[in-house]
Amino acid sequence: VEADYDYAMAYGGAGEVPSISSAGNMIGKSPMLARGDSSARSGQISSSGGETTSNLSILNMDDQSLFADDSSFEKQYENLEEQIEVFAPAGKLGVVIDTPNGGPPMVHAIKDSSVLVDQVRVGDRLVSVDGEDTTTLTAIKVSRLISMKSENEVRNLVFVRTRSAGEGEP
């Protein structure tokens with residue numbers, strides 16, 4: 001490589017005529033102009049209506065940056081977990097609780113005849129039974145805890161449901 005080689009001229013950014021990539025897009029000053037477009041030299045872009053617009057006005061559209069914060073991006077990740085409080089009557093619940101891979105107890109299956117069939121879903125995590133934390137208990141210990149309280153008139157079960165980012169509000 002010669003010491004006097006002009007990299008700026010070879011790779012764009014120097015002179016009045018921006019360079020064009022092999023894909024046909026501009027590298028340098030003017031965005032997205034087709035190969036051989038004479039407007040690249042004049043700094044003008046023609047719109048579909050025939051008007052001519054300055055490259056600067058396209059780059060500075062209403063003083064909005066292409067990289068500005070967009071609240072819709074963050075919004076899709078807000079409130080992905082909802083807490084479901086269920087008051088179950090005495091007797092069997094008709095749900096199967098499991099602790100997959102040693103994780104927190106979760107609903108593995110629900111019988112059609114379950115008293116909770118319209119309130120919980122498969123995948124809901126059980127976080128407490130009558131105020132007792134169940135997040136670190138095994139499935140067997142959770143089942144025993146629920147069974148011990150089966151004579152109670154009402155049992156307060158709290159589940160956490162994770163909804164997917166595209167899912168609407170419950």
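As the structure is a computational prediction, the values presented were derived from the model and not from experiment. (Residues numbered from 1 in each chain as written. Predicted model: local features only at pLDDT ≥ 70, side-chain atom pairs only at ≥ 80, totals over all residues. Heavy atoms only, no water.)

Whenever I open this one, the overall build of the chain confuses me. Can you help?
Assigned secondary structure in the chain consists of five helices and ten strands. For the chain, contacts bridging at least 24 residues in sequence account for 47% of all contacts bridging at least 6. Of the roughly 11900 Å² of accessible surface on the chain, 52% is carried by carbon and sulfur atoms. (Helix = DSSP H or I, 4+ residues; strand = E, 2+ residues; numbered from the N terminus. Contact = heavy atoms within 4.5 Å. Areas by Shrake-Rupley, 256 points an atom, 1.4 Å probe, with all protein chains shown as cover.)

I'm lost on unusual backbone geometry in this one. Help?
Negative phi is the rule for most residues except glycine; trans is the rule for most peptide bonds. Phi angles above zero are rare outside glycine, and N101 is one such case at about 55°. Among the secondary structure elements, N101 is positioned in the loop between β6 (95-98) and β7 (106-110). Accessibility expressed as a relative area gives 84% for N101, which makes it exposed. Although it is not a glycine, D130 adopts a positive phi angle of roughly 50°. (Buried < 20%, exposed > 50% of the residue type's maximum accessible area, 1.4 Å probe, protein only.)

What should I look at first to understand the pairing of strand β8 (residues 125-129) in this one?
By the criterion of burial, β8 is predominantly enclosed, with four of the five residues buried. The sheet contact formed by β8 and strand β10 (residues 154-162) spans four bridges and is antiparallel. From the neighbouring strand, L126 faces β10, where its bridge partner is F159. Taking the residues that link successive antiparallel strands as the turn, the β8-strand β9 (residues 132-133) hairpin has two residues, and the phi of D130 there is positive, at about 50°. (Pairing = 2+ DSSP bridges.)

Looking at this structure, how should I read the confidence of the model for the chain?
Low pLDDT marks stretches whose predicted atomic positions should not be read closely. In the predicted model, the chain carries a mean pLDDT of 74, and the fraction of residues at 70 or more is 50%. For the stretch residues 29-42, pLDDT sits under 50, and the model shows 28 contacts to residues farther than four places along the chain or on other chains. (pLDDT = per-residue confidence, 0-100.)

Just to check I follow, could you spell out the environment of V96 for this structure?
The topology assignment puts V96 in strand β6. Under the relative-accessibility criterion, V96 is labelled partly exposed at 39%. Through-space distance from the C-alpha of V96 to that of K111 is 8.3 Å; in sequence the pair is 15 residues apart. Among residues more than four places away in sequence, those in contact with V96 are M106, V107, H108 and A109.

What am I meant to see in the pattern of salt bridges here?
Opposite charge on two side chains lets them pair, provided their charged atoms get close. Counted under the stated rule, the structure contains four salt bridges. For E81, the salt bridge goes to R125, with nearest N and O atoms at 2.8 Å. Pair noted here: E81 is in strand β5 (residues 81-89) and R125 is in strand β8, with a separation of 44 residues, a long-range link. The closest approach of N and O atoms between D130 and K149, which form a salt bridge, is 3.8 Å. You can see D130 sitting in the loop between β8 and β9 and its partner K149 sitting in the loop between α5 (139-148) and β10, a full 19 residues away along the chain. Residues joined in a network through salt bridges with shared partners are D130, E132 and K149. (Salt bridge = Lys/Arg side-chain N within 4 Å of Asp/Glu carboxyl O.)

Would you take a moment to explain the nonpolar core for this structure?
Among the nonpolar cores identified, the biggest contains 16 residues, and V86, L93, L116, L126, L157 and F159 are the most heavily contacted of them. Excluding residues within four positions of it along the chain, L93 makes contact with A88, S114, V115, L116, I146, R155 and L157. (Core = buried A, V, L, I, M, F, W, Y, C linked by side-chain atoms within 4.5 Å.)

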